[in-house]
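Now for the letters of each chain:
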Amino acid sequence: MAVILNPMQLTTKFKNNQSLLLSVLLVFGIIAFLNFFSDRFFWRADLTADKLYSTSDITKETLANLPDPVNVRIYFSKDLPNQFGLVRRQLDDLFSDYSVYGSNFHYQFIDPGDGAEADKLGIPKLQFNDIKHDKLQVVTGYLGMLITYRDKQEIIPVVDNTQALEYQLISLLKKLTADTQPTVGFLKNYSTVTLNKDLTILSKELRKIYQLEEIDLAKEVPANIHTLVIAAVKSDLKEEELKNLDRFLMSGRSLIVLQDGVNTVTTPVNFNLENKSNLNALLAKYGIVVGNQLVADIYNGTASFNQGLLTFNVNYPLWPKLLKANFSQTNPSVSQLDGVILPWATALSFDQTKLSPDALTTKLAQSSASAWALPGNTNVNPAEILRPTGEIKQFTLAASISGPIKSAYSNTKSQHSDLIVVADSDFIKDDFVKGAYGNLIFMQNLIDGVTLDSRLASIRSKDITTRSIKDQSDQQKQFITMFNIFGVTLLVAVLGALRYYWRKKSKTLEIKAYE
């Protein structure tokens, strides 16, 4: 049977085919245009509260302002366990974005092969457990990175995740592109804590970026020291040493002081005595007064104590725990911090009569509004129950002065200096850092903020937020408990009754419509 199409039908069919072809070509054209456009201009939405997956402004600025090419060689072995395939893809995506932000940023993946080149650079060979053919095997490989700029180079030995990589990379780029390597000094004499014994964790992290030097105040602080850290001074400094400290601050450099207002004695009994070091008197002349009463807070860390053969863990009010709301939100060095514990801290205050009118004062860290002060000679044994005494209020635990600072020994003042005081020196010791990682970040941020760039803190602090449960009143707690017991059941019953009602009503309407 033959089908004969008239000319009108043929014309219509041709037009339909032509329209289809044009539609297909149009779709391909739009896709090609979008690919071309997105390769040069891209946009993403980061829905996390702290913008964990967004590139920081300082990263974009650093990459855009690289004066010469930076080459990153990523030594990534091929036969690694499957989970590291994701790390490779994340690295590729991250560095692809970086190369868009900075035309002088270049990267490439290198298969280390037998590892001769990687070993020579100091990138270690790692061992991994992997399951192949239903058998547990040990696999070796490399996960390191070489960053070169002009005739300088830096190594990141292990890159097994991308969480801290942004901070590592940008801080190293700042180090490589700086005319001179930044140097941080630590007071050697008088300080009761040392870099190589009590602050080994901090020292290890700082040496990745800075040169560290121990300083003797018997002579003037060397000119290459940009930031000086003084921690846990409990005795008097000589007058000439105080003057050298004053000269350092007046030269426009930065001073960070971790100073205890009281000395806490834990053996043979537990009590606190005022720290009468003349360093506190010097700080008061600059406008920051270190108090002599311990601050207790209902938001606190956990302390361990022994009773006979048993060890107990208890909430210890004399170890105030600082949440994000306790930090200054105008200072980038601390605005993203959370979960910092300051053991046996005292209160700080500003003496406005000592401050220059042009100086900027900041309360960097404060206790909660539910804190109180303890008088001297108080039993500070964790086994003792410490109840609120005196006025319940918020106390300043870390403070800073930035800008012109008046000299303690003359009528002059600095053009611009930074003085930071934390009313506690224990928080950065190894024992406390192991239990409160936020303490290490806090100290690193303070040093970075006055030595390199305070915005570096916004990168490092991305992943340390603790989602603490907000304190609830007894009435709120009771309401939540009753709702969990009865409310959910009642809600399900109400929804079921409503569904039954609507189904019955719909059925009635259908019957009426049929009739």
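Our structure's up above, just so we're on the same page.
Keep in mind the model is a prediction, meaning the values are calculated, not measured.

Draft legend 1. Geometry of the sheet that holds strand 5 (residues 143-149). In space, the four strands of this open sheet follow the order 2-1-5-6, with mixed pairing throughout. If you trace the sheet from one side to the other, it starts and ends with strand 2 (105-110) and strand 6 (152-156), each paired once. Across the sheet, the mean angle from the axis of one strand to that of its neighbour is 15 degrees, orientation sign disregarded. Relative to strand 6, strand 5 runs antiparallel, the two sharing five bridges. What sits directly across from Tyr 149, in strand 6, is Lys 152. Taken strand by strand, helix 5 (residues 165-177) contacts strand 1 (70-76), strand 2, strand 5 and strand 6, and its axis lies near 160 degrees from that of strand 6.

Draft legend 2. Expanded view of the packing of aromatic side chains. Applying the stated criterion to the full structure yields 15 aromatic pairs. Plain terms: the ring middles of Phe 427 and Phe 442 are 5.6 Å apart, the flat faces sit at 40 degrees to each other, and that makes the pair tilted. Within this pair, whereas Phe 427 is found in the loop between strand 21 (417-422) and helix 9 (430-435), its partner Phe 442 is found in helix 10 (residues 437-453), the two being separated by 15 residues in sequence. Taken individually, Phe 427 and Phe 442 each receive the classification buried, so the pair is uniform in this respect. Three or more aromatic residues joined by ring pairs form one cluster here, namely Phe 76, Phe 95, Tyr 98, Phe 105, Tyr 107 and Phe 109.

Draft legend 3. Quick look at the pairing of strand 8 (residues 211-215). Pairing of strand 7 (residues 183-187) with strand 8 involves five bridges; the strand directions are parallel. Within strand 8, the position partnered with Thr 183 by the bridge is Gln 211. Between the parallel pair strand 7 and strand 8, the chain is carried across by helix 6 (residues 200-206), and the sense of this crossover is right-handed.

Draft legend 4. The nonpolar core, seen in detail. Ranked by internal contacts, the top residues of the largest apolar core, which has 75 residues, are Leu 91, Phe 95, Met 145, Ile 147 and Phe 442. Excluding residues that lie within four positions of it along the chain, Met 145 makes contacts with Val 72, Arg 73, Ile 74, Leu 91, Phe 95, Ile 123, Glu 154, Ile 155, Ile 156, Val 159 and Leu 165. Counting residues in hydrophobic clusters, the runner-up holds 33 residues, among them Leu 237, Leu 255, Leu 279 and Val 290.

Draft legend 5. View of the pairing of strand 20 (residues 396-403). Burial analysis of strand 20 places eight of its eight residues in the buried class, which makes it a mostly covered element. Bridging between strand 18 (residues 360-366) and strand 20 involves six bridges; their strand directions are antiparallel. Pairing of Thr 362 across the sheet is with Ser 400, part of strand 20. One ladder, built from six bridges, connects strand 20 with strand 21; its direction is antiparallel. Across the sheet, the residue bridging to Gly 403 is Ser 417, located in strand 21.

Draft legend 6. Region of the structure containing the packing of helix 7 (residues 239-250) against helix 8 (residues 278-286). Relative orientation of the contacting elements helix 7 and helix 8 amounts to 35 degrees, with a least axis distance of 11 Å. Taken as a pair, helix 7 and helix 8 cross one another with a handedness that is right-handed. Contacts between helix 7 and helix 8 involve Leu 242, Leu 245, Asp 246, Leu 249 and Met 250 on the former and, on the latter, Asn 278, Leu 279, Leu 282 and Tyr 286. Classifying every residue of the contact of helix 7 with helix 8 gives seven nonpolar, one polar and one charged.

Draft legend 7. Quick peek at helix 5. The end-to-end C-alpha distance of helix 5 is 18 Å, a good match for the 18 Å that 13 residues give at a rise of 1.5 Å each. For helix 5, the tally of buried residues reaches ten of 13 residues, placing the bulk of the element in the interior. Within the sequence span of helix 5, burial applies to Leu 165, Glu 166, Tyr 167, Leu 169, Ile 170, Ser 171, Leu 172, Leu 173, Lys 175 and Leu 176.

Draft legend 8. Seen up close, the pattern of salt bridges. Inspection of every chain in the model, using the stated rule, returns seven salt bridges. Linking Glu 154 and Lys 175 is a salt bridge whose minimum nitrogen-to-oxygen distance equals 3.3 Å. Here Glu 154 is found in strand 6, whereas its partner Lys 175 is found in helix 5, with 21 residues between them in sequence. Under the relative-accessibility criterion, Glu 154 is labelled buried at 18%. For Lys 175, a relative accessible area of 12% corresponds to the buried category.

What counts, and at which threshold
- Residues numbered from 1 in each chain as written.
- Predicted model: local features only at pLDDT ≥ 70, side-chain atom pairs only at ≥ 80, totals over all residues.
- Heavy atoms only, no water.
- Pairing = 2+ DSSP bridges.
- Helix = DSSP H or I, 4+ residues; strand = E, 2+ residues; numbered from the N terminus.
- Axes fitted to C-alpha atoms, helices over the stretch in contact; angles between N-to-C directions.
- Contact = heavy atoms within 4.5 Å.
- Phe/Tyr/Trp six-rings, centres within 6.5 Å; stacked < 30°, edge-to-face > 60°.
- Buried < 20%, exposed > 50% of the residue type's maximum accessible area, 1.4 Å probe, protein only.
- Right-handed = clockwise from strand over helix to strand, strands pointing away.
- Core = buried A, V, L, I, M, F, W, Y, C linked by side-chain atoms within 4.5 Å.
- Left-handed = near helix turned anticlockwise from the far one by under 90°.
- Nonpolar A, V, L, I, M, F, W, Y, C, P; charged D, E, K, R; others polar.
- Expected span 1.5 Å × (residues − 1).
- Salt bridge = Lys/Arg side-chain N within 4 Å of Asp/Glu carboxyl O.

Interpretation note: all reported values are geometric properties and have no functional meaning in isolation.
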